[in-house]
Amino acid sequence: MKRRTDLALESRELYQEDNQREPEGVDWQEEQEGNLLLTRVYVRNQQGAAALEKPVGAYITADLGPDWDRDFQGMEQAAAVVARELAALLPPDPACVLAVGLGNRRITADALGPLAMEKIIVTRHLKDAMPEAFENFARVGAVSPGVLGVTGVETGEIVQGVCRLIKPDAIIAVDALASRRMNRLCRTVQLSDSGITPGGGVGPGRVALDRDSLGAPVIAIGVPMVVDAWTLAMDLCQQAGGSLDSEDCPVPEGAMIVTPKDIDALTRKSAKLIGYAVNMALHGGLSVSEIEELLG
């Protein structure tokens, strides 16, 4: 039975467990930075993409640790690291950036994207109206296109329409993800330059958002908010020294996902972290305190 994850580092872990070797066409490295552990996974070619079932590209995962949200310093350090990694993936000095908050605001574990958009300092209209006052700010727009079940329109189609009108130099797409481990939920941030398929957190995606579909590089930022119940059961059984055979124990009908008991608070904190990191990456190195003043 295939275990579900949206994290490249976990896809690499699963490949190692199943094949007892490193996947070819994939490079990786780890580095400790204060309380944070950074893991960089590079899918170099189609062989690596097939092994991990991820598009060719760079996947940077920041493990923030269990206490990143306990105080101001933890939030500031986490936001600064995510901002630095995001800036490195963006094209240099983009004239216009579009931030897209993917997901369903009505479902707590899927509301990361829309909530993060509320923490982004949008300046596209202000740069045009008062260019001197906002000289040190990037031209940024933010949208939350909703989901197909609410709007009746594919998310990818909405984003494509916006991109045709404003022609951004880069798109930053924020979405909830799924992990295989409970201890990674709301403690991990993944950044990727390979785009994203909306819906990864709570269901199968549809239309990919990437350079081919939008005409500009798409940097995806995601936080795992859920674990598939069957994946969790398999991992817990494996950790206990057992195994689940799909023939003896078939997958139950109907999807079920597991979230932390305080998912509402964790979703808001994770959205704040992502929003602040985007601001720090785009708007001339603003501090967390300055961002909070500007957001009111």
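Here's what I pulled together on the structure shown here. The shown structure was predicted, so the numbers you read here are calculated from the model rather than taken from an experiment.

### Points about the overall build of the chain
The secondary structure content of the chain amounts to eleven helices and nine strands. In terms of overall dimensions, the chain has a C-alpha envelope of 65 × 40 × 40 Å along the principal axes. A total of 296 residues make up the chain; the buried ones form 50% of that total. A separation threshold of at least 6 residues defines the contact pool for the chain, and within that pool the share at least 24 residues apart is 71%. On the chain, roughly 13,900 Å² of surface is accessible, and the fraction owed to carbon and sulfur atoms is 49%. Each charge class in the chain can be summarised by its mean position, and for the 28 positive and 42 negative side chains these summaries are 3 Å apart.

### Some points on the nonpolar core
Side chains of a nonpolar character, in soluble globular proteins, are inclined to be buried together. By size, the foremost hydrophobic cluster in this structure holds 54 residues, and its most contacted members are Ile172, Val189 and Ile221. With ten residues, the top contributor of residues to this core is helix 10 (residues 263-282). In this structure, Val189 is in contact with Ile60, Thr61, Ala62, Leu64, Val82, Ile221, Gly222, Val223, Leu273 and Ile274, ignoring residues within four places of it in sequence. Membership of the second largest hydrophobic core comes to 15 residues, among which are Cys96, Val159, Ile196 and Leu209.

### Description of the packing of aromatic side chains
The final tally for this structure, using the stated rule, is one aromatic pair. Ring geometry for Phe134 versus Phe137: centroids 5.4 Å apart, planes at 65°, classification edge-to-face. Comparing Phe134 with Phe137, the two get one shared label, buried. When the ring centre of Trp28 is taken as origin, the NZ or CZ atom of Arg12, which lies over that ring, is 3.6 Å away.

### Describing unusual backbone geometry
If you check the backbone angles, Asp93 has positive phi at about 50° while not being a glycine. Following the sequence through the fold, Asp93 ends up in the loop between helix 3 (72-89) and strand 4 (97-101). A residue is classified by how much of its surface remains accessible, and Asp93, at 75% relative accessible area, is exposed. One non-glycine residue, Lys167, lies in positive phi territory at about 50°. Within the secondary structure, Lys167 sits in the loop between helix 7 (155-166) and strand 6 (170-179).

### Observations regarding the side chain of Arg12
Among the structural elements, Arg12 can be located in helix 1 (residues 8-19). Contacts of Arg12, omitting those with residues within four sequence positions, involve Glu22, Pro23, Trp28 and Leu52.

### Quick notes on the pattern of salt bridges
What the rule picks out here adds up to 15 salt bridges. A salt bridge links Glu22 to Arg12; the nearest nitrogen and oxygen atoms lie 2.9 Å apart. Here the residue Glu22 occupies a position in the loop between helix 1 and strand 1 (26-33), and Arg12 occupies one in helix 1, the gap between them amounting to ten residues. Given a relative accessible area of 34%, Glu22 falls into the partly exposed group. The class of Arg12 is buried, set by a relative accessible area of 8%. Residue Arg139 pairs with Asp128 through a salt bridge whose shortest N-O separation is 2.9 Å. Taken as a pair, Arg139 in the loop between helix 5 (124-129) and strand 5 (140-143) and Asp128 in helix 5 lie far apart in primary sequence, eleven residues in all. Residue classification places Asp128 among the exposed positions, given a relative accessible area of 53%. Several salt bridges share partner residues, and in doing so they unite Glu10, Glu13, Glu17, Arg180 and Arg184 into one network.

What counts, and at which threshold
Residues numbered from 1 in each chain as written. Predicted model: local features only at pLDDT ≥ 70, side-chain atom pairs only at ≥ 80, totals over all residues. Heavy atoms only, no water. Helix = DSSP H or I, 4+ residues; strand = E, 2+ residues; numbered from the N terminus. Buried < 20%, exposed > 50% of the residue type's maximum accessible area, 1.4 Å probe, protein only. Contact = heavy atoms within 4.5 Å. Areas by Shrake-Rupley, 256 points an atom, 1.4 Å probe, with all protein chains shown as cover. Lys, Arg positive; Asp, Glu negative; His and termini not counted. Charge placed at Lys NZ, Arg CZ, Asp CG, Glu CD. Core = buried A, V, L, I, M, F, W, Y, C linked by side-chain atoms within 4.5 Å. Phe/Tyr/Trp six-rings, centres within 6.5 Å; stacked < 30°, edge-to-face > 60°. Lys NZ or Arg CZ within 6 Å of the ring centre and 35° of its normal. Salt bridge = Lys/Arg side-chain N within 4 Å of Asp/Glu carboxyl O.

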